[in-house]
Amino acid sequence: MTGGGAAKVERRIPVAILGATGVVGQRFARRLARHPWFEVGALAASERSVGKRYAEACDWRLPGEPWAGLGEMRLGRTDPADCPQPVVFSALDRAVAEEVEPRFAAAGALVFSNASAFRMEEDVPLLVPEVNPDHLDLLAVQRRRRSWPGGIVTNPNCTAAVAVGALAPLERAFGIEAVFLASMQAASGAGHPGVPSLDLLGNVIPFIRDEEEKVETEAQKLLGRLAGERIEPAPFAVSAACHRVPVLDGHTEAIALRLRGDPTPEAVARVLAEFRGEPQRLALPSAPERPVIVHFAPDRPQPRLDAEAEGGMPVHVGRIRVCPIFGIKLVALGHNVERGAAGASVLNAELAAARGWLSRA
Ligand SMILES: NC(=O)c1ccc[n+]([C@@H]2O[C@H](COP(=O)([O-])OP(=O)(O)OC[C@H]3O[C@@H](n4cnc5c(N)ncnc54)[C@H](OP(=O)(O)O)[C@@H]3O)[C@@H](O)[C@H]2O)c1
């Protein structure tokens, strides 16, 4: 499965997409329809959609080929009997995922989940391949404890995904002592139809249920250390203030952080620009060339100009400057449905394939 340098897969691996009609599910379909390692074998959604062609059941909302060329596929039930593929991508809501994903894992599938249901479980990897690739080893603990032949691997909440993309290189280079972040989160982060347009247009909503708690705890797990059979959370405090704004795609985050040794903005910019992770070393198909793109123009990054670059996979950082309270402040931006959801899950599956976990599923 793997060779030296770039990882390869000999034969395409059949996969299923659960929640294939939703905001994240459509991105999965578009990414996986032409993936060099994976092949879409089944699509599933709610009872409303079962039995319908994808083109009938799914209100396709992405540019490019409609339904990613999968319009004639029939939707199945969200059940291992209808989706027997060894790899399953889940874009289900939390409540559905909580009940359904363990059934797939018990039936032998490796589930790559966007839902929050299992992210903070002790034996479930919460994974960003550039940030904590070794956390994938928790799968062995999970399989043993739960007697699952398959397993569940999760990717973080979209706001946490963008934040850790910028924070991880700085934690490695300097060490972080404290983080405060204020998010400006896109409408697509709430799924479709999401927040009513009359509530959101020309407005800022300073509350997203459970979001701040998720960002704070998930960032600590992601930046934590694998210690035996569990993750020791990162020891520094993260404080998040989350806001919904009338932007289509792309979460922007104003981040202030205290770093050990009080590095200059130039030193911070250098570390971020030079950072490369495991996906870049392995040349995984969905890996961006640079996980962090540093912008020097004073008015960048911006969601409309930067979120879609390189398939929405890099995290963009700009406005790196001195903060009189914390030491450093900067702006981070990432595509919430790609780096924060579908692209993140696919990259997780690619890392799992490159590390041989899919042949063991
Ligand atoms: N949007 C983002 O930026 C983002 C980022 C990170 C994580 N996430 C997470 O990803 C998941 C999906 O989010 P989304 O934004 O794509 O939501 P969404 O647009 O509301 O899509 C939900 C999907 O789940 C299906 N579904 C609903 N009830 C079901 C049931 N009882 N059984 C089986 N399938 C059911 C729907 O199918 P029907 O069409 O048949 O109803 C649809 O395909 C959520 O857990 C969310 O928190 C989203």
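Model, not experiment: these values are computed from the prediction. Chains are numbered independently. Their residues run from 1 in the order of the written sequence. Only residues with pLDDT of 70 or above have their local features reported here, since the model is predicted, and side-chain atom pairs are shown and tallied only from 80 upward, although totals for entire chains, interfaces and linings are computed over all residues. Processing note: side-chain calculations cover all non-hydrogen atoms of the structure and skip hydrogens and water entirely.

Colleague: Now, about the overall build of the chain: what can you tell me, with residues and values included?
Modeller: Here a strand is any run of E in DSSP of at least two residues, a helix any run of H or I of at least four, and the numbering for each starts at the N terminus. Each helix and strand counted, the chain has 13 helices and 14 strands in total. Atoms counted for the radius of gyration: C-alpha only. Globule rule: 2.2 Å times residue count to the power 0.38. Relative to the compact-globule value of 21 Å for 361 residues, the chain shows a C-alpha radius of gyration of 19 Å, a close match. Note on classification: 1.4 Å probe, protein chains only; a residue is buried when its accessible area is under 20% of the maximum for its type, exposed when over 50%, partly exposed between these limits. Counting across all 361 residues of the chain, residues that qualify as buried make up 57%. Counting only contacts in the chain whose residues sit at least 6 apart along the sequence, the fraction spanning at least 24 positions is 74%. Computed by Shrake-Rupley with a 1.4 Å probe, the accessible areas treat only the displayed protein chains as cover when residues are assessed. Surface accessibility of the chain: about 14,800 Å² in total, with carbon and sulfur atoms responsible for 52%. Note on definitions: a residue-residue contact is assigned when non-hydrogen atoms from the two residues lie within 4.5 Å.

Colleague: Account for the site of the ligand, with residues named and values stated.
Modeller: In the vicinity of the ligand there are 27 residues, among which Thr21, Ser46, Arg48, Ser49 and Leu92 approach most closely. Note that an oxygen atom of the ligand is positioned 3.1 Å from one of the backbone N or O atoms of Gly19. Burial of the ligand by the surrounding chains reaches 80%, relative to a free accessible area of 920 Å². The set of elements that each furnish at least two residues to the shell around the ligand consists of helix H1 (23-32) and helix H3 (94-106). Among the residues making up the shell around the ligand, the classes are represented as 11 nonpolar, 13 polar and three charged. The rule for a residue being near a molecule or strand is that one of its heavy atoms must lie within 4 Å of it. Between N or O atoms, a polar contact is any pair within 3.5 Å; within protein, one atom must be a potential hydrogen donor and the other a potential acceptor, and residues adjacent in sequence are included only when both atoms are from side chains. Polar here means any residue outside two lists: the nonpolar Ala, Val, Leu, Ile, Met, Phe, Trp, Tyr, Cys and Pro, and the charged Asp, Glu, Lys and Arg; Gly therefore counts as polar.

Colleague: Lay out H1 in plain terms, naming residues and giving numbers.
Modeller: Of all 10 residues in H1, eight are buried; the element is thus mostly enclosed. When H1 is considered as a whole, its buried residues turn out to be Val24, Gly25, Gln26, Arg27, Phe28, Ala29, Arg31 and Leu32. At its buried positions, H1 is contacted by strand E1 (13-18), strand E2 (38-44), helix H2 (54-57), strand E4 (87-90), helix H11 (309-312) and helix H12 (342-354).

Colleague: Report on unusual backbone geometry, specifying residues and quantitative values.
Modeller: Omega for the peptide link from His192 to Pro193 comes to 5 degrees, which places this bond in the cis form. The residue Pro193 is located in the loop between strand E7 (176-185) and helix H6 (197-200) in this model. Of the consecutive residues Arg300 and Pro301, the connecting peptide bond is found in the cis state with omega at 5 degrees. Along the chain, Pro301 falls in the loop between strand E12 (292-294) and helix H10 (303-306). Positioned with a positive phi, Ser147 is a non-glycine residue whose angle comes to about 55 degrees.

Colleague: Outline the packing of H1 against H12, listing residues and values.
Modeller: Two elements in contact, H1 and H12, have axes whose closest approach is 9 Å; the angle formed by their N-to-C orientations is 50 degrees. In terms of axis orientation, H1 runs oblique to H12. The interaxial crossing formed by H1 with H12 has right-handed handedness. Contacts between H1 and H12 involve Val24, Arg27, Phe28, Arg31 and Leu32 from the former and Ala342, Gly343, Ser345 and Val346 from the latter. Angular values range over 0 to 180 degrees, each being the angle between N-to-C directions of two axes fitted as lines to C-alpha atoms, with helices fitted over their stretch in contact. Just so you know how the angles are binned, under 35 degrees is roughly parallel, over 145 roughly antiparallel, 65 to 115 roughly perpendicular, and the rest oblique. Here a crossing is taken to be left-handed if its near helix is turned anticlockwise relative to the far helix by less than a right angle, and right-handed if that turn runs clockwise.

Colleague: Tell me about the packing of aromatic side chains, and name the residues and values.
Modeller: Between 30 and 60 degrees the pair is tilted, below 30 it is stacked and above 60 it is edge-to-face, where a pair is any two Phe, Tyr or Trp rings, Trp via its six-membered ring, whose centres lie within 6.5 Å. Under the definition given, this model contains four aromatic pairs. Ring geometry for Phe28 versus Phe89: centroids 5.2 Å apart, planes at 40 degrees, classification tilted. With Phe28 in helix H1 and Phe89 in strand E4, this pair connects stretches of sequence that are 61 residues apart. Across the pair, exposure class does not vary: Phe28 and Phe89 are buried alike. Look at Phe38 and Phe89: their rings are 5.9 Å apart centre to centre, the planes differ by 70 degrees, and that puts the pair in the edge-to-face class. Of the two residues, Phe38 sits in strand E2 while Phe89 sits in strand E4, which places them 51 residues apart along the sequence.

Colleague: Account for the sheet that holds strand E6 (residues 151-154), naming residues and giving values.
Modeller: Strand order in this open sheet of six strands is E3-E2-E1-E4-E5-E6, and the pairing throughout is parallel. The open sheet has two free edges, formed respectively by strand E3 (75-76) and E6, since each of these has just one partner strand. Two strands pair when backbone bridges link them, and E1 and E2 are joined in this way by six bridges, in the parallel orientation. Bridge pairing links Ile13 to Phe38 in E2. The sheet contacts of H1 involve E1, E2 and E4, and relative to E1 the element is tilted by about 160 degrees. The strands touched by H12 are E2, E4, strand E5 (110-113) and E6; relative to E5, the strand with the most contacts, the crossing angle is about 145 degrees. Each pair of strands is called paired provided DSSP finds at least two bridges between the two strands.

Colleague: Which residues make up the pairing of E1, and what values go with them?
Modeller: With five of six residues buried, E1 lies mostly within the body of the structure. The definition of a right-handed crossover adopted here requires that, viewed with the strands pointing away, the path from the first strand over the helix to the second runs clockwise. Handedness of the β-α-β unit built from E1, H1 and E2 comes out right-handed.

Colleague: Lay out the pattern of salt bridges in plain terms, naming residues and giving numbers.
Modeller: What makes a salt bridge here is a side-chain nitrogen of Lys or Arg within 4 Å of a carboxyl oxygen of Asp or Glu, nothing more. Counted by the stated rule, this structure contains 27 salt bridges. Residue Glu229 is joined to Arg145 by a salt bridge in which the shortest nitrogen-to-oxygen separation is 3.3 Å. With a gap of 84 residues between them, Glu229 in the loop between strand E8 (225-227) and strand E9 (230-232) and Arg145 in helix H4 (residues 138-146) connect regions that are remote in the sequence. Looking at Glu229, the relative accessible area reads 34%, which means it is partly exposed.

Colleague: Which residues make up the pairing of E6, and what values go with them?
Modeller: Residues of E6 alternate between two faces, with Gly151 and Val153 on one and Ile152 and Thr154 on the opposite face, all of them buried. Sheet topology places E5 next to E6; four bridges connect them, and they run parallel. Opposite Phe112, over in E6, you have Val153 as the bridge partner.

Colleague: Quick rundown of the environment of Ala91? Include the residues and the values.
Modeller: Within the secondary structure, Ala91 is located in the loop between E4 and H3. C-alpha separation for the pair Ala91 and Gly19, spaced 72 residues apart in sequence, amounts to 4.9 Å. Once you skip the residues sitting within four places of it in the chain, Ala91 turns out to touch Leu18, Gly19, Val24, Gly25 and Phe28.

None of the figures reported here should be taken as evidence of function without further support.
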